[in-house]
Amino acid sequence: MKNQKNLEIKFLHDCLLIKNILVIGDLHIGYEEQFHGKAIFPRAQLEEIIEKLKEVFDYLEKEKIRVKKIVLLGDVKHYFGEPTKIEWRETLEFFDFLKSRIFPKKKTDNIIVIKGNHDNILKPILRKRNISLKNYYCVKIKEGKKSRKIYFLHGNKLFKQCLDSQTAVLIFGHLHPAITLYDSYKNEKYKCFLIGKWKEKIVYILPSFSSVSFGYDLNDIDNFSNGRSVNKDKFFVIPNKDLKNFEVIIYNNKEKKRYNFGFLKKLINKNIIR
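Residues numbered from 1 in each chain as written. Predicted model: local features only at pLDDT ≥ 70, side-chain atom pairs only at ≥ 80, totals over all residues. Heavy atoms only, no water.

**Observations concerning the overall build of the protein chain**
Here is step 1 of the chain: A count of helices and strands for the protein chain gives six helices and 16 strands.
Here is step 2 of the chain: Here the protein chain, with 274 residues, has 52% of them falling under the buried criterion. (Helix = DSSP H or I, 4+ residues; strand = E, 2+ residues; numbered from the N terminus. Buried < 20%, exposed > 50% of the residue type's maximum accessible area, 1.4 Å probe, protein only.)

Printed below as a string of structure tokens:
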């Protein structure tokens, strides 16, 4: 997209950096608890999340970039109801790790948590670390004499304040985008970002950050509904027909490089006729 060049948005391993703000998608801490005791699913979710984040922070430090703010796009924990013992312990451990890596260290007012649909009873955990829960979050980015607003939301709800005339960018989680790519020999599924324009705003949709919640294959966008028998258009704030006009971006962490696979609707059509 042509309009994104001046926004200082950097792709990282399943997350984004906007100037000195690290943006992280859905975590679903506690997801693996439903598989506890099954040999095929060892408990390692939090460990993998933290190792992945260590790699991100180490890379940014090598690039001499200090993260001064972290925005979590919602669904920090997995269960809809009261936090489980695992969710209590591992979510607190996760926030303690973030506090150790943000600059200046141990500041919690620079950790922003957006409320996801799984975060109905997250506040008791956040209070232990003096972190608040927000429906959305806004930052202003100065460009010369002008400033542009960037709004961070989960993606299950839209707030009219986020669509004012100064808003340039909307950042969403919630959708867990992934895409299966096919060739003559094999097919492989990748987490991906979606970038497009909607309601005259530039939109970024982040993949889930947790490895145990890999993502929903966008090839089936007209059929999936997060496991529930509801219209997919009601699950995410942007309708399917508009999402199909978004570009699919896959980030190769080894190469530290992003690859643009073009518009989603073209990828879907290629896969239909494969």
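**Topic: the layout of surface pockets**
Here is step 1 of the chain: The calculated volume of the largest pocket comes to roughly 420 Å³.
Here is step 2 of the chain: Surrounding the largest pocket, 16 residues form its lining, Tyr-190, Ile-250, Tyr-251, Asn-252 and Asn-253 being those nearest its centre.
Here is step 3 of the chain: Among the elements that make up the lining of the largest pocket, the one with the highest residue count is strand 11 (residues 187–191) (four residues). (1 Å grid on protein atoms, 1.4 Å probe; cavity = no way out; pocket = protein on both sides within 12 Å on 5 of 7 lines; lining within 4 Å. Points joined across faces, edges and corners; volume = space filled by probe spheres on them.)

**What to know about the nonpolar core**
Here is step 1 of the chain: With 33 residues, the main nonpolar core has Leu-22, Leu-53, Leu-72, Phe-94, Phe-95 and Val-113 as its most contacted residues.
Here is step 2 of the chain: Among the elements of the structure, strand 2 (15–18), strand 3 (21–24), helix 1 (45–62), strand 4 (69–72), helix 2 (85–101), strand 5 (111–114) and helix 3 (123–127) are those that each provide at least two residues to this core.
Here is step 3 of the chain: The biggest single contributor to this core is helix 1, with eight residues.
Here is step 4 of the chain: Those residues in contact with Phe-95 that lie beyond four places of it in its chain are Leu-72, Val-76, Ile-111, Val-113, Leu-126, Arg-129 and Ile-131. (Core = buried A, V, L, I, M, F, W, Y, C linked by side-chain atoms within 4.5 Å. Contact = heavy atoms within 4.5 Å.)

**As for a positive patch on the surface**
Here is step 1 of the chain: Judged by side-chain charge, Lys-115, Lys-123, Arg-127 and Lys-157 come together as a positively charged surface patch.
Here is step 2 of the chain: Relative to the elements of secondary structure, Lys-157 occurs in the loop between strand 8 (146–153) and strand 9 (167–172). (Patch = residues over 30% accessible without salt bridge, like charges linked within 9 Å, V, L, I, M, F, W, Y side chains within 5 Å. Areas by Shrake-Rupley, 256 points an atom, 1.4 Å probe, with all protein chains shown as cover. Salt bridge = Lys/Arg side-chain N within 4 Å of Asp/Glu carboxyl O. Lys, Arg positive; Asp, Glu negative; His and termini not counted. Charge placed at Lys NZ, Arg CZ, Asp CG, Glu CD.)

**Remarks on the environment of Phe-214**
Here is step 1 of the chain: Relative to the helices and strands, Phe-214 resides in the loop between strand 13 (201–205) and strand 14 (216–217).
Here is step 2 of the chain: Along the sequence, Phe-214 and Tyr-190 sit 24 residues apart, while their C-alpha atoms lie 8.3 Å from each other.

**A look at the sheet that holds strand 14**
Here is step 1 of the chain: Taken together, the three strands give an open sheet; going across it, the order is 11-10-14, and neighbouring strands pair in mixed fashion. Since the sheet does not close on itself, it has two edges, and those belong to strand 11 and strand 14, each with one partner.
Here is step 2 of the chain: When strand 10 (residues 177–182) meets strand 11, the two strands line up antiparallel, connected through five bridges. Residue pairing in the sheet places Ala-178 in a bridge with Lys-191 of strand 11. (Pairing = 2+ DSSP bridges.)

**Digging into the sheet that holds strand 8**
Here is step 1 of the chain: If you trace the seven strands from one edge of the open sheet to the other, you get 7-8-9-13-12-15-16, paired in mixed fashion. The two strands at the open ends of the sheet, each matched to only one other strand, are strand 7 (137–143) and strand 16 (257–263). When the angles between neighbouring strand axes are averaged without regard to direction, this sheet yields 20°. (Axes fitted to C-alpha atoms, helices over the stretch in contact; angles between N-to-C directions.)

**Side note on the pattern of salt bridges**
Here is step 1 of the chain: If you walk through the whole model with that rule in mind, you get twelve salt bridges.
Here is step 2 of the chain: With a closest N to O distance of 3.9 Å, Lys-191 and Asp-14 form a salt bridge. Residue Lys-191 is located in strand 11, and its partner Asp-14 is located in the loop between strand 1 (9–12) and strand 2; the two are separated by 177 residues in the primary sequence.
Here is step 3 of the chain: One salt bridge connects Lys-186 with Glu-188, and the closest N-O pair in it is separated by 3.6 Å.
Here is step 4 of the chain: Among the ionic contacts, a cluster of salt bridges with common partners joins Asp-14, Lys-52 and Lys-191.

**Some details on the environment of Lys-52**
Here is step 1 of the chain: As for its position among the elements, Lys-52 is in helix 1.
Here is step 2 of the chain: Among the polar contacts listed, one links the side chain of Lys-52 to the side chain of Asp-14, at a separation of 2.5 Å. (Polar contact = N/O pair within 3.5 Å; in protein donor to acceptor, adjacent residues only side chain to side chain.)

**Some thoughts on the packing of aromatic side chains**
Here is step 1 of the chain: Tallied over the full model, the rule gives eight aromatic pairs.
Here is step 2 of the chain: Between Phe-172 and Phe-236, the ring centres sit 5.5 Å apart and the planes meet at 70°, which makes this aromatic pair edge-to-face. Here Phe-172 is found in strand 9, whereas its partner Phe-236 is found in the loop between helix 4 (232–235) and helix 5 (240–243), with 64 residues between them in sequence.
Here is step 3 of the chain: According to the relative accessible area criterion, Phe-172 is buried, its value standing at 0%.
Here is step 4 of the chain: Residue classification places Phe-236 among the buried positions, given a relative accessible area of 2%. (Phe/Tyr/Trp six-rings, centres within 6.5 Å; stacked < 30°, edge-to-face > 60°.)

**So, the confidence of the model for the protein chain**
Here is step 1 of the chain: Residues at a pLDDT of 70 or more form 88% of the protein chain, whose mean pLDDT is 88.
Here is step 2 of the chain: Across residues 226–230, confidence stays below pLDDT 50; counting only partners more than four residues off in sequence or on other chains, it has six contacts. (pLDDT = per-residue confidence, 0-100.)

**Looking at helix 2**
Here is step 1 of the chain: In this model helix 2 runs 25 Å from its N-terminal to its C-terminal C-alpha over 17 residues, within 8% of the 24 Å that 1.5 Å per residue would give.
Here is step 2 of the chain: Taken as a whole, helix 2 has its buried residues at Ile-86, Glu-87, Glu-90, Thr-91, Leu-92, Phe-94, Phe-95, Phe-97, Leu-98, Lys-99 and Arg-101.
Here is step 3 of the chain: For helix 2, the secondary structure elements touched by its buried residues are helix 1, strand 4, strand 5 and helix 3. (Expected span 1.5 Å × (residues − 1).)

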